[in-house]
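These are the residues of each chain, in order.
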Amino acid sequence: MDDAHTHDTVVEAAGLEKRFGRATALAGLDLQVRCGEVHGFLGPNGAGKSTTIRVLLGLARASAGSVTVFGRDPWRDAVALHARIASVPGDVSLWPNLSGGEAIDLIGRLRGGARGGGLGGGGPRGGDATGYGARRARLIETFQFDPTKKGRSYSKGNRQKVALIAAFATPADLYILDEPTSGLDPIMEAVFDQEIRRVAGEGATVLLSSHILSEVEQLCDRVSIIRAGRTVETGTLAELRHLTRTEVSFADPGEDGATDARLASITDAHDLRRAGGRIRFTVDSDAVSRLLPALADLEVRGLVVAPPSLEELFLRHYGEGS
Amino acid sequence: MLTVRTLLRSAIRRDRVTLAIWILGTALLALFAASAVGGTYGDEAERTGILRLAVDNPAILLLRGLPHGTSLPAFVFFQIFTWLALLAGLMSSFLAVRHTRAEEESGRAEFIAATPAARTAPTVAALVHGVLADLVLGAAVAAALVAGGMPGPGSVASGCAVAAVGVAFLTVGLLAAQFARTSRGANTLGVGAVCAAFLLRGLGDALGTPEAGGAAMASSWPSWLSPIGWGQHVFAFTDDDLRPLLLCLALAVACSAAVLVLQARRDSGASLLPARVGRAAARPWLRSSFALGWRLHWPTLVAWCAGGAAFGLFAGGLSGVVVQAAETDPDLAANLRTIVPSGGSVTQVLIAAMFALVGVIAAGSATQAVIRLRQEEAHGTAELLLSTRLGRVRWLGGYLALGALSIALVLASGAAASAGAVFAGVLAGTDEPRHAADSLAAAAAQLPAALVYLAVLALLFVLLPGATAALGWALLGAGVFLGVFGGLLGIPQWARDLSPFTHTPVAAGAGTDLGGAGWMVLLAAAAASAALVLMRRRELRG
């Protein structure tokens, strides 16, 4: 790995495997998260997202393959790396008799407030005390969170807020968030999106796992889709869109206007079918423009060209092997 | 009615193991007391002597009961009834909370409330369930006393008294569940009420007035404020007067009525006392694994320390008394020596025997500290902690330090209480100051065995995390059985030697053998080091 590469890539995993006894959670997973990007980490439940994240945080050790975070081994250098990482676990549990505010402060202090891997003292009460206090107050306000309730009485969404506030209240170079919006209502999801844009704007790298594509579509620069412990697709959203087909449909003019022979002349159409008074087919997304003369010839009415949907790609990968 | 019966059946099914343990345990205590007291104090003159001693000594009255005649059965009732009543109260109060507030807190009650079941059905079912459990408990105690050779009518009266006290605290528990927001809070209120009843009764008895002959006493008024005091005034085997139990029943009816009224008026999940509001921000010192452990552990540690102090008080308070008793009763001294084999004086042996129990409590508090570590891991909160700059080794180290501090605090509470009791005895002219030094030495002697428990369990936590809680309590139980009671029960020496408690040194002046202590400290240090080293390579397991 050359120097430039190390600087570009924050998370680098190749052929990552993780076995629990006879069960295989990761079977050769590849993941590259570049510096400063928001990276979507997508896959159905049980695909290995949380296991990967636990390996990246040094909570579990890879059985085989290589993995580095900021160029270091997350298992061996966990503590030093954690100084630069803020994380939200997939299923947040709290201490039943600690209040939400106490839990936020505890995590913040244990993480330390100093940015950039300084391992000395500091922490929210040390070097960055005022910054921490202000951010904490702002986040509690925007997330509309009551910090005085005891851990046992918070709902799932509120437990999630504790972890989110703790993560965003201390600056970090890398945010690792495991399904961070589960349990949040749409308004809180918008607050969350805003925070992601804020930290990304400040230059931090974000790894965001989810099993719902639309949740991360708006935020992510690149995504990796995994299934059954393997990476099946990775790239920018534009690249991934190329892999999907555009759906075209128009009002069926009847047998006179559009005979089967004339329809068959649309050379790029796939899966052509007539149903419910409309004619539908799909085309490769980069072939849409070639299609237009044929459609003009047909004098189609009520033309709908549906933009390529990642959901489709996503569902195709999800469906396979299930 | 149908829903109550359905709920009742499911409650009995869920409780069958828990209640069987409570009831069998309480009955065994009754059986053991009846047969052991008959064996040890078979002689009327001897019993008279002990009762005279008790009447003069408030500490004994507080921890036993009210002397009421020198017959063997009356002596058994004096020795054991208040403890049986205490257990009945705890069993019933826990049962009440388990089936009402705990269900509401977990959200399961909402399932039931959403069915056509009446709003009060779960409470009525818990009430019926608890009354049935108390009746079985009373019958078991009566049967155990009869089996221990006690006369039938008095045994039945004792069983009735135990059941009546149980029913009273069952309804107190139900009422507590209406007030507190959490099952933990309701249990605290319930246990508090049971302990307050025990102490009020103890206070009333200690302040009572001796009757003619010096082997019987009339209690003062505080005893009459306590359900346990009411049960005691049945005076089974002498008076067999069941009228005081009407007070228990009246209290039960009043509490039940209040519970049903409150239950019918409040929302599901709501409570009369508002949920306690927590701190909006953490205290400045909450910034390490040790500080977090302390924050979570201290309320229970207070209870462990209170237990240590109680046995310490007993050791110090009795040291003077027992010297006199042992002079007249060689069997007593022999019994003590089976617990603590030593060439020391009878007082040193007594203090060591009592402090062996303080040592068990200290080891228990350390065991709980390590189990908390496992709970954090299993519950998922450890993941939050270890994703910060807190490393696995420091995380474990923090809890090891917490366990060591717990041990030290429990032993210190025992030593302080014992020394305090000795000095009170010195002022009253019944004790000698050197027994205070014996107390401190006996407390310090418990340190190695307790440290072994802490370190070995920490190592087991690293190697076999899933089994931490089960192994922790099982090892402690086995160690107590073999090491503390092994001699009394005639267990062979090689098996007794397996228990750390067997190797606890006993102060005997210049002849004190510290070899076992040295080896145990080495073993604890080795286990703790191994745990810390191996933790570096251990993954977090849910």
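Parameters at a glance
Residues numbered from 1 in each chain as written. Chains lettered and ligands numbered in written order. Predicted model: local features only at pLDDT ≥ 70, side-chain atom pairs only at ≥ 80, totals over all residues. Pairing = 2+ DSSP bridges. Helix = DSSP H or I, 4+ residues; strand = E, 2+ residues; numbered from the N terminus. Expected span 1.5 Å × (residues − 1). Contact = placed C-beta atoms within 7 Å. Nonpolar A, V, L, I, M, F, W, Y, C, P; charged D, E, K, R; others polar. Axes fitted to C-alpha atoms, helices over the stretch in contact; angles between N-to-C directions.

**Description of the pairing of strand β1 (residues 9-20) of chain A**
Residue and element names in this part refer to chain A.
Consideration 1: Where β1 and strand β2 (residues 23-34) come together, 9 bridges link them in antiparallel fashion. In the strand pairing of β2, Leu 16 is matched with Leu 29.
Consideration 2: Linkage of β1 to β2, two consecutive antiparallel strands, is achieved through a turn of 2 residues, within which Gly 21 is found at a positive phi near 60°.
Consideration 3: Relative to strand β4 (residues 64-69), β1 is paired through 5 bridges, and the arrangement is antiparallel. Bridging from a neighbouring strand, Val 11 pairs with Val 69 of β4.

**Observations regarding helix α7 (residues 121-147) of chain B**
Consideration 1: Between its terminal C-alpha atoms α7 of chain B stretches 39 Å, which fits the 39 Å expected from 27 residues at 1.5 Å a residue.
Consideration 2: Following α7 of chain B by one or two positions, Gly 149 of chain B has its phi on the positive side, about 95°.

**With respect to the interface of chain B and chain A**
Consideration 1: Facing the 28 residues of chain B at the interface are 34 residues of chain A.
Consideration 2: Breaking the side of chain B that touches chain A down by element, the ones donating at least two residues are α12 (289-328) and α15 (381-386) of chain B.
Consideration 3: Looking at the side of chain B that touches chain A, the element that brings in the most residues is α15 of chain B, giving 5 residues.
Consideration 4: Split by residue class, the side of chain B that touches chain A holds 14 nonpolar, 8 polar and 6 charged.

**With respect to the sheet that holds strand β3 (residues 38-42) of chain A**
Residues and elements named next belong to chain A.
Consideration 1: A sheet is described by the order of its strands in space; here 6 strands give the open sequence β5-β6-β7-β3-β8-β9, paired in mixed fashion. For this open sheet the edge positions go to β5 (85-88) and β9 (230-236), each flanked by a neighbour on one side alone. Within this sheet the neighbouring strands show an average axis-to-axis angle of 15°, counted without direction.
Consideration 2: The pairing of strand β8 (residues 222-227) with β9 spans 6 bridges and is classified as antiparallel.

Function cannot be inferred from these measures alone, as they are strictly geometric.
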